[in-house]
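Architecture and fold: a report
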Amino acid sequence: MRQADENSLYLGLPSTLGRNKSAVLGYLKDRVRKRLQGREAKILSRAGKEILIKTVAQSLTNYAVSVFLLPIEIAQETDQLLWRLEKSGIYTLWALRIPPKVKNLIWRAGTQCLPTMCQLLTKRVTVTAVCPVCGLEEESIIHCLVTCHVIEVSWPGFRAGDGAEHLICPPENSVKINVDAALFEDGARAGVGVVARDNKGLFIEGFTKIFNEALDPTLVEAMGVREALSWLKEKMWQRVLIETDCLTVVQALCSQVKMISLFGNVINECKNVLKELRNVSICFVKRLANMVAHSLARVSILFPDHIFSLGDVPTELLSYLVAEFAG
């Protein structure tokens, strides 16, 4: 029997591993470099190179990553080799200020190395593909980290539609409510505009609210959401999505931190109402997706504490309603 030396491999991995992992695992980047700079890679189109990266080059490191934690310098150099064709340079995972275990999880998920049921089946392990947590869908990597309804509670800040830049009509039998606030030049008054639309994007109802006092902008945004929720309690809508362009309010509503400020009191009131209501969610959108509510808030000083139906919409809103519907 031949004795293995310090440079020997077993199943493609080093049989011995000292303190200097970078020296021992450095062969990984050499293997990736040779594959990407090989003769066949030079004649491939951009699409062909992308396939080469995804199906061949990344697989060279997958097994090693599933056994060892790669040193940061090896991971960085390998990332740069794999994604050097990307002008955006988006291969900075290891530079993010997040815990190392989170970086490793993201890396393993991105390189298809998490032992999900679907991944185990590809390795000929006798298991069922159904998610053992929810028992409803196949346990892919995206399912076990994001879309599983049991896991969704771990992502309180994530909502489908977050950051939208234009109006997205809600699903059938759903209503979308947009909320925005405005401060007026005298500094002593603030207004809120709330707009409800159906699944076709058509205006259902809206209202304004005036506060005759000097308030912080973020506080007014939170008070606007509170007014919308209170108004919503009187409706019989089955499913409602509330949108605001104030990210601070959305983050506060998703946070478990208890705040004792006036802003925190308003947020707590909103949370209490949300517990009473069913099938109501809140997400953040860009100002462009919230223009009707924004315009209604701006004209609330002319129509204070007023409820609007489709027949008496202020003319200042018509152009935005038509533009959003046409878009």
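Scroll up to find the structure.
Residues numbered from 1 in each chain as written. Predicted model: local features only at pLDDT ≥ 70, side-chain atom pairs only at ≥ 80, totals over all residues. Heavy atoms only, no water.

**Re the overall build of the protein chain**
In terms of helices and strands, the protein chain carries 14 helices and 8 strands. Within the protein chain, buried positions represent 42% of all 327 residues. If you take every contact in the protein chain between residues at least 6 apart in sequence, the share linking residues at least 24 apart comes to 61%. Taken as a whole, the protein chain presents about 19600 Å² of accessible surface, with 56% of it coming from carbon and sulfur. (Helix = DSSP H or I, 4+ residues; strand = E, 2+ residues; numbered from the N terminus. Buried < 20%, exposed > 50% of the residue type's maximum accessible area, 1.4 Å probe, protein only. Contact = heavy atoms within 4.5 Å. Areas by Shrake-Rupley, 256 points an atom, 1.4 Å probe, with all protein chains shown as cover.)

**So, the pattern of salt bridges**
Summed over the entire model, instances satisfying the criterion amount to 6 salt bridges. The closest approach of N and O atoms between glutamate 205 and lysine 235, which form a salt bridge, is 2.9 Å. Here lysine 235 lies in the loop between helix H10 (217-232) and strand S6 (239-244) and glutamate 205 lies in strand S5 (residues 203-211), a separation of 30 residues in the sequence. Glutamate 205 gets classed as buried once you look at its relative accessible area, which sits at 19%. Between aspartate 245 and arginine 287 there is a salt bridge, with its nearest N and O atoms 2.8 Å apart. Of this pair, aspartate 245 sits in the loop between S6 and helix H11 (247-254) while arginine 287 sits in the loop between strand S7 (280-284) and helix H13 (291-298); the two residues are 42 residues apart in sequence, bridging distant segments of the chain. (Salt bridge = Lys/Arg side-chain N within 4 Å of Asp/Glu carboxyl O.)

**Brief notes about the sheet that holds S6**
Reading across the sheet, the 6 strands line up as S7-S6-S3-S4-S5-S8 and stay open at both edges, with mixed pairing between neighbours. Strands with a single pairing partner mark the edges of an open sheet, and in this sheet they are S7 and strand S8 (307-309). Here the average twist between neighbouring strands, direction ignored, is 20 degrees. Taken strand by strand, H13 contacts strand S3 (174-183), strand S4 (190-197), S5 and S8, and its axis lies near 140 degrees from that of S4. (Pairing = 2+ DSSP bridges. Axes fitted to C-alpha atoms, helices over the stretch in contact; angles between N-to-C directions.)

**A look at the pairing of S6**
Burial of S6 is extensive: 5 of the 6 residues sit out of reach of the surface. Relative to S6, S3 runs parallel, the two sharing 6 bridges. Counterpart to serine 174 in the pairing with S6 is arginine 239. With 5 bridges joining them, S6 and S7 adopt parallel strand pairing. In the strand pairing of S7, isoleucine 242 is matched with isoleucine 282.

**Describing the environment of glutamate 205**
For the pair formed by glutamate 205 and isoleucine 177, sequence separation is 28 residues and the distance between their alpha carbons is 9.4 Å. The contact partners of glutamate 205, leaving out residues within four places of it in the chain, are Val194, Val195, Ala196, Trp231, Lys235, Ile307 and Phe308. Separated by 3.4 Å, the side chains of glutamate 205 and tryptophan 231 make a polar contact. (Polar contact = N/O pair within 3.5 Å; in protein donor to acceptor, adjacent residues only side chain to side chain.)

**A word on H13**
The buried fraction of H13 is high, at 7 of 8 residues. What H13 keeps buried is the set Met291, Val292, Ala293, His294, Ser295, Leu296 and Ala297.

**Focus on the packing of H10 against helix H12 (residues 262-276)**
Taken N-terminus to C-terminus, the directions of H10 and H12 make an angle of 20 degrees; their axes are 9 Å apart at the nearest point. In terms of orientation, H10 lies roughly parallel with respect to H12. The two elements H10 and H12 meet at a crossing, and its hand is left-handed. Each of Thr218, Leu219, Ala222, Met223, Val225, Arg226 and Leu229 in H10 lies in contact with H12, whose residues at this interface are Leu262, Phe263, Val266, Ile267, Glu269, Cys270, Val273 and Leu274. Among the residues forming the contact of H10 with H12, the class breakdown is 12 nonpolar, 1 polar and 2 charged. (Parallel < 35°, antiparallel > 145°, perpendicular 65-115°, else oblique. Left-handed = near helix turned anticlockwise from the far one by under 90°. Nonpolar A, V, L, I, M, F, W, Y, C, P; charged D, E, K, R; others polar.)

**Describing the packing of aromatic side chains**
Under the defined criterion, the tally for this structure stands at 3 aromatic pairs. Measuring from ring centre to ring centre gives 5.7 Å for phenylalanine 303 and phenylalanine 308, while their planes differ by 75 degrees; the resulting arrangement is edge-to-face. Assessed through its relative accessible area of 28%, phenylalanine 303 is described here as partly exposed. A relative accessible area of 3% places phenylalanine 308 in the buried class. Within the aromatic cluster, the residues linked to one another by ring pairs are Phe207, Trp231 and Trp237. (Phe/Tyr/Trp six-rings, centres within 6.5 Å; stacked < 30°, edge-to-face > 60°.)

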